[in-house]
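# A closer look at the structure
Listed below are the residues making up each chain.
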Amino acid sequence: MKKSSVLFVFSTCFLIFALLRYPSAILAASADSIQLWLTKVFPSLFPFMVACGILLRIGAAERIGRLLHPLMKPLFGLDGIAAFPFFLGILSGYPMGAKITSQLYENKQITLDETEHILVFSNNPGPLFLIGTIGAGFFRVPFFGYLLLLSAFFGAVATGIFWRFRRKKVSPFHRPFLSGNKELSLTEVLSGSVSDAMNTILLIGGYLILFAALSEAMEQIRFFSFLSDILFFLPISTDSVQGLFSGILEMTNGAYLLSQSPDELRLRLTLVAFLVSFGGLSILGQTFGVLSSVPINKTGYLKGKLCNALFSSLFFYFLYPFFVQKAQKAVPVFSSFTETAFTLSVLWLLPSLFFVCVVFHALIYKR
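These notes cover the structure that comes with them. The shown structure was predicted, so the numbers you read here are calculated from the model rather than taken from an experiment. (Residues numbered from 1 in each chain as written. Predicted model: local features only at pLDDT ≥ 70, side-chain atom pairs only at ≥ 80, totals over all residues. Heavy atoms only, no water.)

### Observations concerning empty space enclosed by the protein
Overall, the coordinates contain one cavity of 30 Å³ or more when judged by the stated rule. Each pocket or cavity is described by its volume, and for the largest cavity that value is around 50 Å³. Counting only elements with at least two residues in the lining of the largest cavity, the list comes to α2 (23-57), α5 (96-106) and α10 (186-220). When the residues that make up the lining of the largest cavity are grouped by side-chain class, the tally is three nonpolar, four polar and three charged. (1 Å grid on protein atoms, 1.4 Å probe; cavity = no way out; pocket = protein on both sides within 12 Å on 5 of 7 lines; lining within 4 Å. Points joined across faces, edges and corners; volume = space filled by probe spheres on them. Helix = DSSP H or I, 4+ residues; strand = E, 2+ residues; numbered from the N terminus. Nonpolar A, V, L, I, M, F, W, Y, C, P; charged D, E, K, R; others polar.)

### Things to note about the nonpolar core
Core analysis: the biggest nonpolar cluster contains 41 residues, and Ile134 and Val272 have the highest contact counts within it. Elements with a contribution of two residues or more to this core: α7 (127-138), α8 (142-164), α13 (251-259), α14 (265-278), α15 (280-290) and α16 (298-329). Here the element with the most residues in this core is α14; it accounts for eight residues. In this view, Ile134 contacts Phe129, Phe139, Leu148, Ala255, Val272 and Val276; residues no more than four positions away in its chain are not counted. Membership of the second largest hydrophobic core comes to 36 residues, among which are Val41, Met72, Phe121 and Ala156. (Core = buried A, V, L, I, M, F, W, Y, C linked by side-chain atoms within 4.5 Å. Buried < 20%, exposed > 50% of the residue type's maximum accessible area, 1.4 Å probe, protein only. Contact = heavy atoms within 4.5 Å.)

### Considering the packing of aromatic side chains
Under the counting rule described, the total for this entry stands at 20 aromatic pairs. With 5.4 Å between their ring centres and 80° between their planes, Trp37 and Phe42 make a pair best called edge-to-face. The class of Trp37 is buried, set by a relative accessible area of 14%. The class of Phe42 is partly exposed, set by a relative accessible area of 23%. Between Tyr317 and Phe318 the ring centres are 5.6 Å apart and the planes differ by 90°, which places this aromatic pair in the edge-to-face class. On the basis of relative accessible area, Tyr317 is assigned to the partly exposed category, the value being 36%. Three or more aromatic residues joined by ring pairs form one cluster here, namely Phe76, Phe86, Phe87, Phe121, Phe153, Phe154 and Phe315. Looking at Arg164, its charged tip hangs above the ring of Phe165, at a distance of 5.6 Å from the centre. The ring of Tyr317 is capped by Arg266, whose NZ or CZ atom sits 3.7 Å from the centre of that ring. (Phe/Tyr/Trp six-rings, centres within 6.5 Å; stacked < 30°, edge-to-face > 60°. Lys NZ or Arg CZ within 6 Å of the ring centre and 35° of its normal.)

### Some details on the pattern of salt bridges
Counting across every chain of the model gives one salt bridge. Measuring nitrogen to oxygen at the nearest pair gives 3.2 Å for the salt bridge that ties Asp196 to Lys99. Placement of Asp196 in helix α10 and of Lys99 in helix α5 is noted, with a sequence separation of 97 residues between them. Classification of Asp196 as partly exposed rests on a relative accessible area of 22%. Judged by relative accessible area, which is 11%, Lys99 ranks as buried. (Salt bridge = Lys/Arg side-chain N within 4 Å of Asp/Glu carboxyl O.)

### A short note on the packing of α10 against helix α12 (residues 238-249)
The packing of two helices is summarised by the inter-axis angle and the distance between the axes. As a packed pair, α10 and α12 sit with axes 10 Å apart at the nearest point and diverge in direction by 150°. When the interaxial angle is binned, α10 and α12 end up roughly antiparallel. Crossing of α10 over α12 shows right-handed handedness. Facing Phe211, Leu214, Ser215, Met218 and Glu219 of α10, the residues of α12 in contact are Gln242, Ser246 and Leu249. For the contact of α10 with α12, the per-class residue count stands at four nonpolar, three polar and one charged. (Axes fitted to C-alpha atoms, helices over the stretch in contact; angles between N-to-C directions. Parallel < 35°, antiparallel > 145°, perpendicular 65-115°, else oblique. Left-handed = near helix turned anticlockwise from the far one by under 90°.)

### Details of the environment of Ala18
Relative to the helices and strands, Ala18 is located in helix α1 (residues 3-21). By relative accessible area, which is 0% here, Ala18 ends up buried. It is 8.7 Å that separates the C-alpha atoms of Ala18 and Ile221, two residues lying 203 residues apart in sequence.

### What to know about the side chain of Ser193
Tracing the backbone through its elements, the reader meets Ser193 in helix α10. Overall, Ser193 belongs to the buried group, its relative accessible area being 1%. Of the polar contacts made by the side chain of Ser193, one reaches the backbone nitrogen of Ile54; its length is 3.2 Å. Look past the residues within four positions of Ser193 in its chain and what remains in contact with it is Val50, Gly53, Ile54 and Arg57. (Polar contact = N/O pair within 3.5 Å; in protein donor to acceptor, adjacent residues only side chain to side chain.)

Remember that the coordinates give geometry; whether it matters functionally is a separate question.
Quick look at the structure:
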């Protein structure tokens, strides 16, 4: 039996034991995850998935690819169609980037090599989670959520650029133009998009419940506290160590624990930037679930996400001193006018910076 299979069987047996030993705590954690899925994940992701499915079925991704090819090719070494999962993944969050990439591969619009390249930088945390949950909810400063979003964006771009040099040289790939609006009726397009989105959202909900139960089980046996005691020699508090290891399993809980840690704020937020860009094992499970029909190299994807997390945390660490004064002067969460104005400026800043950098690189590439 493979080592991974042994670990899988052991984790399953442990979860069954924990359900029998700590039923109340684990059932409460499962109920909370169901509430989170019904009130946050379902309303935000489901309409977005349906809309993306419609765009893919009517051939919008191919048209966008033709338009953005002069920008994406010199930067990432990819066809312009890679912009579709990248920008929509940034806007919607996990695991939307992986879902769109999977659909492009199933439609034979990208190769397997391109799929693996796109996945390492297009599957990212969304702005609602970073700004609302972490910035405003956990750290009580929405500005930190904006800075985390900016770091995640730059980290994803840096990962995509870095990963282009790891790709193998392959022969040119003929991309068929899927004229879905000619082959499918509007009813078929809508029904297929709704059905596919419902299957995916149910899969995400199942992973949320499973990993919430597993995380609570490990918390009940004080596993994270045990790891903190072992790693006492690290120059961070045991609370931060516990939050880091908890976040590797499930990033939301880890980010909350880090927000309560007594360590320096810059260090805690840098660790949070690493966790949200990596995603944790829960997000990895959701991602591999939506990629079940794509034969990707899972080890390669894991290396790519670790690279993405390192880039994002480095960007946050070095950008923090330039923005911390503005964060300290930021108005409270309740000031919706200032928060909305700053949101619009950030949403304008991200694509503007990206566009300027890409155009500059494209000019050099042409020469």
